[in-house]
Amino acid sequence: MAKPRATEFDDYLKRHPKTVHVDAFLHDLNGNLRGKRLPVAEAAKLWPRGSEQGGLEMPRCMLFVDPTGDDLDPGGRSTTLGDPDGAALPIPGLLAPVPWAEEPTAQVLLQMTDPVRDPNVGKPSRYCPRAALGDVLAQFRRRGLNPVVAVELEFYLFDRARDAEGRPMPVKNPVTGVEESSKQPYSIDDLDAYGAFIRRVAAYARRQAIPASAAITEYSPGQFEINLKHQPDAVAACDHAVLLKRAIKAAARVDLHQASFMAKPFLDAAGSGMHIHVSLVDRKERNAFSEDPALLRHAVAGLQAAMPESMLLFGANLNGFKRYRPGHNVPITPAWGFNNRSVAFRIPAGGAKARRIEHRVAGADANPYLVVAAVLAGMLHGIEQRLKPTPETKSDAGDAHDADVPFEYAAALERFAKAKILPRYVARDMLDLVRDQKRAELAKFMTTISRQEYEWFL
């Protein structure tokens with residue numbers, strides 16, 4: 001991580017002298033933003049000056065609290081140690097205005113360091129997904145290859161009201177005022193109807209230097225996708241995904257809607273995915289997959305080999321695994337193919353310069369840093385071992401689950417705990433934390449009694 005510079009904040013205030021607050025936050029294991037809103041006069045301390053450390057003192061456990069905000073002390077990493085603080089430092093280049101704020105406000109994404117007494121002090125925390133991705137990326141670069149990455153995010157717009165059971169309700173069409181009830185993929189009429197929302201997202205993205213690209217309607221009522229442009233820095237690509245999610249949620253609130261990246265809000269409707277596009281560039285800035293077609297096949301084979309043990313990162317939570325259903329346009333086998341949307345690893349149509357892999361497995365609410373880390377780890381494994389993929393799939397691969405891939409949360413957790421490929425490329429401390437945290441979350445979830453249990457067993 002590059003060292004943050006106080007001059008970045010000083011320069012920002014020269015351009016935005018009326019700034020009142022600074023929102024400083026980090027991205028936790030479950031995809032939530034956690035931090036503080038600081039008065040601008042206090043925010044200057046975030047950026048190191050002279051011998052000062054800088055940063056925002058926060059409990060290190062904010063990296064891995066559960067989705068409800070509880071610290072489950074996974075593996076004795078937080079309360080057992082006295083809930084130590086780490087210093088969360090600004091990530092250079094990510095200080096930007098908050099266009100939707102009522103008062104002039106800035107925001108900055110932070111990266112956590114470990115506590116003062118930790119042997120890792122002063123470095124990005126070994127429990128930080130962003131740092132874990134950076135480590136995998138460095139391994140590619142040592143081989144003279146650089147991943148170019150883009151993230152595609154699917155999401156739903158919901159009405160802010162809930163039905164009598166507390167379930168989300170489809171959004172009402174802004175033109176007709178009628179609740180959305182039919183899927184209209186790639187509908188230009190719907191893009192017009194929701195034009196104010198889409199233009200708002202685009203405007204927010206421009207103000208925050210988020211490289212948002214095309215918007216489309218997806219395969220369920222009120223479902224959309226907004227793409228991000230390819231980036232030569234995989235970590236930056238994930239930063240953009242994190243910040244775009246926040247901008248989308250803010251844009252939806254203006255119209256009294258809720259934007260949700262929940263992987264499977266409705267059992268019989270399309271889930272929301274996070275598709276990762278990856279190409280490799282060599283030292284001469286050439287597309288390595290085009291220069292060496294065998295490299296592409298090795299990378300695909302590595303993704304196939306790593307998929308079973310990586311499912312915990314792609315599904316991310318109990319709801320995420322409900323997305324993997326036959327006939328729902330989601331990968332349920334480690335198949336690959338050219339221009340085939342039913343496979344896990346799709347080689348999109350296009351010219352040689354655009355040759356890439358589209359990884360279609362992860363849910364939209366998964367942690368993008370960990371998803372991309374797992375994707376790159378699988379690719380590098382295949383390249384190093386010169387693995388050969390299965391034959392190309394040229395038909396629908398979405399009719400039945402692959403028996404070797406765990407599509408149930410507890411099974412995925414146990415397969416992850418026994419991983420052989422990921423630990424070669426992703427820091428063991430990070431993987432162990434994920435294992436312990438997800439076990440704790442599952443144990444907590446099992447202490448609740450659902451409405452369905454009362455209906456079935458009372």
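In this text, all values refer to a predicted model and were calculated from it rather than measured experimentally.

S.K.: Which parts of the structure should I look at to understand the overall build of the protein?
M.R.: Scanning the protein from terminus to terminus reveals 12 helices and 15 strands. In the protein, of all internal contacts separated by at least 6 residues, the share reaching a separation of at least 24 is 72%. Of the roughly 20,200 Å² that the protein leaves accessible, carbon and sulfur atoms contribute 51%. With 60 positive and 56 negative side-chain charges, the protein shows a spacing of 5 Å between the two charge centroids.

S.K.: Hey, could you run me through the state of the cysteines in this one?
M.R.: In a disulfide, the sulfur atoms of two cysteines are covalently bonded to one another. Taken as a whole and assessed by the stated rule, the structure comprises 0 disulfides. Sulfur of Cys128: no disulfide; nearest cysteine sulfur belongs to Cys238 and is 11 Å away. With relative accessibility at 4%, the residue Cys128 sits in the buried group.

S.K.: Sorry, what's going on with the nonpolar core here?
M.R.: If you look at soluble globular proteins, the nonpolar side chains tend to sit buried side by side. Ranked by size, the top nonpolar core spans 131 residues in total, and within it Met311, Phe314, Ile357, Leu376 and Met379 carry the most contacts. When residues in this core are grouped by element, the largest group, 13 residues, is from helix α6 (residues 234–254).

S.K.: What should I look at first to understand the packing of α6 against helix α9 (residues 368–385) in this one?
M.R.: Axis angle and axis distance: for two packed helices, these are the angle between their axes and the distance between the axes, and together they describe the pair. At a minimum axis separation of 9 Å, α6 and α9 run at an interaxial angle of 145°. With respect to the hand of their crossing, α6 and α9 are arranged in right-handed fashion. Facing Ala234, Val235, Cys238, Asp239 and Val242 of α6, the residues of α9 in contact are Pro368, Tyr369, Val372 and Leu376. Considering only residue class, the contact of α6 with α9 consists of 8 nonpolar, no polar and 1 charged.

S.K.: Where do I start with the side chain of His240 in this structure?
M.R.: The topology assignment puts His240 in helix α6. When neighbours within four sequence positions are excluded, His240 is seen to be in contact with Ala209, Ile210, Pro211, Leu228 and Gln231.

S.K.: So what exactly am I meant to see when it comes to the side chain of Asp282 here?
M.R.: Of note, Asp282 is situated in the loop between β12 (274–281) and α7 (288–291). When its relative accessible area of 14% is taken as the criterion, Asp282 is described as buried. Within the structure, the side chain of Asp282 is placed 2.9 Å from the backbone nitrogen of Lys284, a separation counted as a polar contact. Residues contacting Asp282, with those up to four places away along its chain left out, are Gly144, Leu145, Ala288 and Glu291.

S.K.: Would you explain the environment of Gln208 in this entry?
M.R.: Along the chain, Gln208 falls in the loop between α5 (195–207) and β9 (212–217). By relative accessible area, which is 7% here, Gln208 ends up buried. Counting along the chain gives 112 residues from Gln208 to Ala96, while the straight-line C-alpha distance between them is 5.3 Å. With residues up to four places along the chain from it excluded, the contact list for Gln208 reads Ala96, Pro97, Val98, Pro99, Trp100, Gln107 and Ala247.

S.K.: Would you mind showing me how to read unusual backbone geometry here?
M.R.: Glycine aside, residues mostly have negative phi angles, and peptide bonds mostly take the trans form. For Asp73, which is not glycine, the phi torsion reads 50° and is therefore positive. Looking at where Asp73 falls in the secondary structure, it is placed in the loop between β3 (56–59) and β4 (85–90). Taking relative accessible area as the criterion, Asp73 reaches 17% and is therefore assigned buried. The backbone of Leu256 sits at a positive phi, close to 60°, despite the residue not being glycine. With respect to the helices and strands, Leu256 occurs in the loop between α6 and β11 (257–260).

S.K.: Explain helix α8 (residues 293–315) to me, please; I cannot follow it from the model alone.
M.R.: The largest bend along α8 measures about 70° and falls at Glu309. Across the 23 residues that make up α8, a large majority, 19, are buried. Directly after α8, the chain includes Ala316, whose backbone phi takes a positive value near 75°.

S.K.: Can you help me understand the packing of aromatic side chains in this one?
M.R.: This model, assessed by the stated rule, comprises 16 aromatic pairs. Aromatic pair Trp100 and Tyr204: ring centres 5.1 Å apart, planes at 55°, arrangement tilted. Placement of Trp100 in the loop between β5 (96–97) and β6 (105–112) and of Tyr204 in helix α5 is noted, with a sequence separation of 104 residues between them. Aromatic pair Phe155 and Phe197: ring centres 6.2 Å apart, planes at 65°, arrangement edge-to-face. Of this pair, Phe155 sits in strand β7 (residues 146–162) while Phe197 is found in helix α5, placing the two residues 42 residues apart along the sequence. The same class applies to Phe155 and to Phe197, which are both buried. Among the aromatic side chains, those forming a connected cluster through ring pairs are Phe155, Tyr194, Phe197, Phe224 and Phe261. Over the ring of Phe261 we find Lys245, and its NZ or CZ is 5.2 Å from the ring centre.

S.K.: Teacher, can you tell me more about the packing of α8 against helix α10 (residues 409–417) here?
M.R.: The contact between α8 and α10 brings their axes to 8 Å, and the two run at 120°. Of the possible angle classes, the one that applies to α8 and α10 is oblique. The hand of the α8/α10 crossing is left-handed. Facing α8, whose interface residues are Pro308, Glu309, Met311, Leu312 and Leu313, α10 presents Tyr409, Ala412, Leu413, Arg415 and Phe416.

S.K.: What am I meant to see in the pairing of β12 here?
M.R.: For a regular strand, side-chain orientation follows a simple rule: the groups alternate between the two sheet faces. The buried fraction of β12 is high, at 8 of 8 residues. One ladder, built from 8 bridges, connects β7 with β12; its direction is antiparallel. Bridge pairing in β12 links Val151 to Ile276. Across 3 bridges, β12 lies against strand β15 (residues 357–359) in antiparallel orientation. Within the sheet, the bridge partner assigned to Ile276 lies in β15 and is His359.

S.K.: Hey, could you run me through helix α3 (residues 129–142) in this one?
M.R.: Every α-helix winds through 3.6 residues per turn, so residues three or four apart in the chain are directed the same way. For α3, built from 14 residues, the straight-helix expectation of 20 Å at 1.5 Å per residue is met to within 8% by its first-to-last C-alpha distance of 20 Å. Of the positions making up α3, those classed as buried are Pro129, Arg130, Ala131, Ala132, Leu133, Val136, Leu137, Gln139 and Phe140. On its buried side, α3 packs onto β6, β7, α6, β12, α9 and α11 (428–445). Just past α3, the residue Gly144 takes up positive phi, approximately 80°.

What counts and how
Residues numbered from 1 in each chain as written. Predicted model: local features only at pLDDT ≥ 70, side-chain atom pairs only at ≥ 80, totals over all residues. Heavy atoms only, no water. Helix = DSSP H or I, 4+ residues; strand = E, 2+ residues; numbered from the N terminus. Contact = heavy atoms within 4.5 Å. Areas by Shrake-Rupley, 256 points an atom, 1.4 Å probe, with all protein chains shown as cover. Lys, Arg positive; Asp, Glu negative; His and termini not counted. Charge placed at Lys NZ, Arg CZ, Asp CG, Glu CD. Disulfide = S-S within 2.5 Å. Buried < 20%, exposed > 50% of the residue type's maximum accessible area, 1.4 Å probe, protein only. Core = buried A, V, L, I, M, F, W, Y, C linked by side-chain atoms within 4.5 Å. Axes fitted to C-alpha atoms, helices over the stretch in contact; angles between N-to-C directions. Left-handed = near helix turned anticlockwise from the far one by under 90°. Nonpolar A, V, L, I, M, F, W, Y, C, P; charged D, E, K, R; others polar. Polar contact = N/O pair within 3.5 Å; in protein donor to acceptor, adjacent residues only side chain to side chain. Bend = angle between axes of the 7 residues up to and from the residue. Phe/Tyr/Trp six-rings, centres within 6.5 Å; stacked < 30°, edge-to-face > 60°. Lys NZ or Arg CZ within 6 Å of the ring centre and 35° of its normal. Parallel < 35°, antiparallel > 145°, perpendicular 65-115°, else oblique. Pairing = 2+ DSSP bridges. Expected span 1.5 Å × (residues − 1).

Purely spatial values, then, with no claim about function.
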